[in-house]
Amino acid sequence: MKGRQGSGVVLASYGRGALVQSGEIAMHCALKGRKQRVVCGDRVTWASSAPEGGATLESIEPRRNLIERIDARGRPEPVAANVDRLGLVLAPEPAPDWFLVDRYWAAARLKDVEAFVIVNKSDLGVAALQSELAAYRALELACLEISALTGERIAELHGTLRAGSTLLVGQSGVGKSSLINALVPDAAAQTAELTREVEGRHTTTTSRRYRLESGADAAVIDAPGVRDFAPPASMVRAAELGFVEIHRFAADCRFNDCRHFEEPGCAVRSAVLEERIAARRYESYRRLRRLYEKLAP
Ligand SMILES: Nc1nc2c(ncn2[C@@H]2O[C@H](COP(=O)(O)OP(=O)(O)OP(=O)(O)O)[C@@H](O)[C@H]2O)c(=O)[nH]1
Ligand SMILES: [Mg+2]
Ligand SMILES: [Zn+2]
């Protein structure tokens, strides 16, 4: 009897294999060789030599994009491929790290991927977050206040995620996995295997893609929470590092290669002094810039 073959999308990647959605089934596929690197969201083909035999990943389609972060040693580490949108998840608890949100947003811009903020746990009260959220909204970054616990505005979130695949990112404990459970009815069972208990909490350890009922190609990807994030230096193609308002003013700097630190005639610094650029956002830019200069002087 002849073997089988097919194509699909990677739901999760493990050390030696991947879980692949092929048609209506999720199947485990072994990697073909040692060099093969497969990432959540990859489009792949698989083959199996026997009717009941295990499947092997044959090929990986060229990626539309790859979202990476740098690990503790500054090396790029893949998070997900073929992403259409980044959902920057934060919550009143744990207290937001706004610099982290800035960096994720910058990464999205550098990758030409849409981004929006998801403020989860609105049931705990979000008044304390409003001034920072207002600054984002003024920069045309949408911020949606929801609660995975009470279901508040989950329907609206569903609408936003109707097309394409959305990667949820953010600090550990903001409720990314809880959101997935609120959005995808049978996600809970599938999540268990990919979480690990740390200090009595369940924490996601591998990126995992879930299909959304709302659209043929709609999916949401749960990513492990992070303490810190920076887009790999290789992603950085412009001096403004993906900061929308720095980009806006940088055109008027005296020098083309202005770093917007102490250079004379810097339009960005003038804008900060005139409070047309928020001081915190400028500080965020400076920190990221210094990080890159430390990694690759
Ligand atoms: N009050 C409240 N608690 C929530 C809400 N959503 C999630 N939580 C709680 O927040 C905690 C963390 O939720 P998770 O979904 O595991 O967070 P996560 O972002 O996936 O965390 P990592 O996997 O570590 O990155 C859990 O105790 C949830 O019950 C919400 O809308 N309101
Ligand atoms: Mg999680
Ligand atoms: Zn400048």
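Up top is the structure.
Before going into details, it helps to say that this report is about the structure given with it. Quantities reported herein were computed from a predicted structural model and do not represent experimental measurements.

Analysis parameters
Every chain's residues receive numbers from 1 upward, in the order its sequence appears when written. As a convention, the first chain written is A and the first ligand written is 1, with the rest following in written order. Where local features are concerned, this predicted model is filtered to residues with pLDDT of at least 70; where side-chain atom pairs are given and counted, the filter is 80 or more; whole-chain, interface and lining totals use all residues. Only hydrogens and water are set aside; all other atoms, that is, all heavy atoms of the structure, feed into the side-chain values. Atoms of type N, O and S within 2.8 Å of a metal are treated as its donors, and for Na, K and Ca the window is 3.2 Å; water is not considered, so some sites may appear to be missing partners. By the criteria applied here, four donors are tetrahedral when all angles lie between 85 and 135 degrees, four are square planar and six octahedral when opposite donors are over 155 degrees apart and every other angle lies between 65 and 115, and any other arrangement is irregular. Only Phe, Tyr and Trp rings are paired, with Trp represented by its six-membered ring, and only when their centres lie within 6.5 Å; those with planes under 30 degrees apart are stacked, over 60 edge-to-face, the remainder tilted. Helix numbers and strand numbers start at the N terminus; a helix is a DSSP run of H or I with at least 4 residues, a strand a run of E with at least 2. Exposure categories follow from relative accessible area, calculated using a 1.4 Å probe and restricted to protein chains: below 20% of the type maximum is buried, above 50% is exposed, and the middle band is partly exposed. Each cavity reported here is a set of points on a 1 Å grid over the protein atoms alone in which a 1.4 Å probe fits but cannot get out, each pocket an open set with protein on both sides within 12 Å along at least five of seven lines, and each lining residue one with an atom within 4 Å of a point. Grid points are joined across faces, edges and corners, and a volume is the space filled by probe spheres set on the points. In this classification, the charged set is Asp, Glu, Lys and Arg, the nonpolar set is Ala, Val, Leu, Ile, Met, Phe, Trp, Tyr, Cys and Pro, and all remaining amino acids, among them Gly, are polar. A cutoff of 4 Å decides nearness: a residue is near a molecule or strand if any of its heavy atoms lies inside that distance of it. Here a polar contact means two N or O atoms within 3.5 Å. Within protein one must be a hydrogen donor candidate and the other an acceptor candidate, and residues neighboring in sequence count only if both atoms are side-chain atoms. Methods summary: accessible areas were calculated by the Shrake-Rupley approach with a probe of 1.4 Å, and residue burial reflects only the protein chains presented. Residue contacts are defined here by distance: any two heavy atoms, one from each residue, within 4.5 Å place the two residues in contact.

**Some remarks on the coordination of the zinc ion (ligand 3)**
Where a metal carries four tetrahedral donors, each ideal angle is 109.5 degrees; where it carries six octahedral donors, the ideal angles are 90 or 180 degrees.
Then, number 1: C253 (SG), C258 (SG), H260 (ND1) and C266 (SG) make up the full set of protein donors to the zinc ion (ligand 3), lying at 2.1 to 2.4 Å.
Then, number 2: The site at the zinc ion (ligand 3) holds four donor atoms, and with the angles between them running 102 to 117°, its shape is tetrahedral.
Then, number 3: Spacing between the donor residues of the zinc ion (ligand 3) along the chain follows C-x4-C-x1-H-x5-C.

**Digging into the packing of aromatic side chains**
Then, number 1: The final tally for this structure, using the stated rule, is five aromatic pairs.
Then, number 2: Measuring from ring centre to ring centre gives 6.5 Å for F261 and Y285, while their planes differ by 75°; the resulting arrangement is edge-to-face. In this pair, F261 sits in the loop between α6 (244–250) and α7 (267–273) while Y285 sits in helix α8 (residues 279–295), placing the two residues 24 residues apart along the sequence.
Then, number 3: The exposure class assigned to F261 is buried, which follows from its relative accessible area of 9%.

**A look at the layout of surface pockets**
Then, number 1: Looking at the largest pocket, its volume works out to about 470 Å³.
Then, number 2: Lining the largest pocket we find 20 residues, and of these S13, V38, E77, P78 and T206 sit closest to its centre.
Then, number 3: Considering each element in turn, the lining of the largest pocket owes the most residues, three residues, to strand β7 (residues 76–81).
Then, number 4: Its residues assigned to classes, the lining of the largest pocket shows eight nonpolar, six polar and six charged.

**So, the site of ligand 1**
Then, number 1: Around ligand 1 sit 20 residues, and of these D123, S172, K176, S178 and T204 come closest.
Then, number 2: Take S177: an N or O atom from its main chain is 2.9 Å from an oxygen atom of ligand 1.
Then, number 3: Here an oxygen atom of ligand 1 sits 2.6 Å away from a polar atom, N or O, in the side chain of S178.
Then, number 4: Considered on its own, ligand 1 offers 650 Å² of accessible surface; in the complex 77% of this is hidden by protein.
Then, number 5: Elements with a contribution of two residues or more to the shell around ligand 1: α4 (176–183) and β13 (201–204).

**Description of the side chain of N82**
Then, number 1: Examined against the element boundaries, N82 turns out to sit in the loop between β7 and β8 (85–90).
Then, number 2: Contacts of N82, omitting those with residues within four sequence positions, involve G41, D42, R43, R63, R64, N65 and S165.

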